[in-house]
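Breakdown of the fold
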Amino acid sequence: QVQLVESGGGLVQAGDSLRLSCADSGRTFSRYFMAWFRQAPGKEREFVAGINWSSGYINYANSVKGRFTISRDNAKNTVYLQMNSLKPEDTAVYYCAAGPRLGSTIEAVYNYWGQGTQVTVSS
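In this report, the structure presented in the accompanying data block is examined. This is a predicted model, so every value here is computed, not measured.

This part covers the pairing of strand 8 (residues 78-83). Burial of strand 8 is extensive: 5 of the 6 residues sit out of reach of the surface. The sheet contact formed by strand 3 (residues 18-24) and strand 8 spans 6 bridges and is antiparallel. For Leu 20, the partnering residue across the bridge sits in strand 8 and is Leu 81. Inspection of the sheet shows strand 7 (residues 68-73) paired to strand 8 by 6 bridges, in the antiparallel sense. The residue bridging Ser 71 from the neighbouring strand is Tyr 80, located in strand 8. Turn length for the strand 7-strand 8 hairpin, with the two strands adjacent in sequence and antiparallel, is 4 residues, and the turn residue Asn 77 shows positive phi of about 50°.

If you want it as structure tokens, here you go:
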């Protein structure tokens, strides 16, 4: 069983940084491909970044490449999203997700979701 809880969201100004965390209270964290998605008001949820169990495979959406960094600590059952040079268009609810398929950017593939954490970037 995977139970995901995100934290670290908040209100920041453009150009600032935030680090999101996603902790899993279950016992199978290391088996899953972990990803971050986000959903802005009035828009569909979109893939942001993903990472496999060994951190040897990582993929990013083009919109965040070079600004965001995903990482994971399997000993702590936690995945992180370091967000630098934030822009107003990064404003969204950020969700972490766990799924079996390496590198998938498709929402429907993911079995487990957190409740989300709000990130608001002011201009």
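By definition, a disulfide is the covalent link that joins the sulfur atoms of two cysteine residues. Taken as a whole and assessed by the stated rule, the structure comprises 1 disulfide. At a sulfur-sulfur separation of 1.9 Å, the disulfide partner of Cys 22 is Cys 96. Residues Cys 22 and Cys 96 share a disulfide whose torsion about the S-S bond is about 45°; that sign makes it right-handed. Separated by 74 residues along the polypeptide, Cys 22 in strand 3 and Cys 96 in strand 9 (residues 92-99) bring together distant segments of the chain. As far as the burial class goes, Cys 22 and Cys 96 line up, both buried.

Moving on to the nonpolar core. Core analysis: the biggest nonpolar cluster contains 28 residues, and Trp 36, Leu 81, Met 83 and Tyr 94 have the highest contact counts within it. Residue assignment for this core shows that the elements contributing at least two residues are strand 3, strand 4 (33-39), strand 5 (46-51), strand 7, strand 8, strand 9 and strand 11 (117-122). Counting residues per element, this core draws most heavily on strand 9, at 4 residues. If sequence neighbours within four positions are ignored, Leu 81 has contacts with Leu 18, Arg 19, Leu 20, Trp 36, Val 48, Ala 49, Phe 68, Thr 69, Ile 70 and Tyr 94. Counting 7 residues, the second largest nonpolar core, distinct from the first, contains Ala 35, Phe 37, Val 109 and Tyr 110.

On the basis of which strands lie adjacent, the open sheet formed by 4 strands has the order 1-3-8-7 and antiparallel pairing. Each having just a single partner strand, strand 1 (4-7) and strand 7 make up the two edges of the open sheet. Ignoring which end each strand starts from, the neighbouring axes of this sheet average 15° apart.

What counts as what
- Residues numbered from 1 in each chain as written.
- Predicted model: local features only at pLDDT ≥ 70, side-chain atom pairs only at ≥ 80, totals over all residues.
- Heavy atoms only, no water.
- Buried < 20%, exposed > 50% of the residue type's maximum accessible area, 1.4 Å probe, protein only.
- Helix = DSSP H or I, 4+ residues; strand = E, 2+ residues; numbered from the N terminus.
- Pairing = 2+ DSSP bridges.
- Disulfide = S-S within 2.5 Å.
- Core = buried A, V, L, I, M, F, W, Y, C linked by side-chain atoms within 4.5 Å.
- Contact = heavy atoms within 4.5 Å.
- Axes fitted to C-alpha atoms, helices over the stretch in contact; angles between N-to-C directions.

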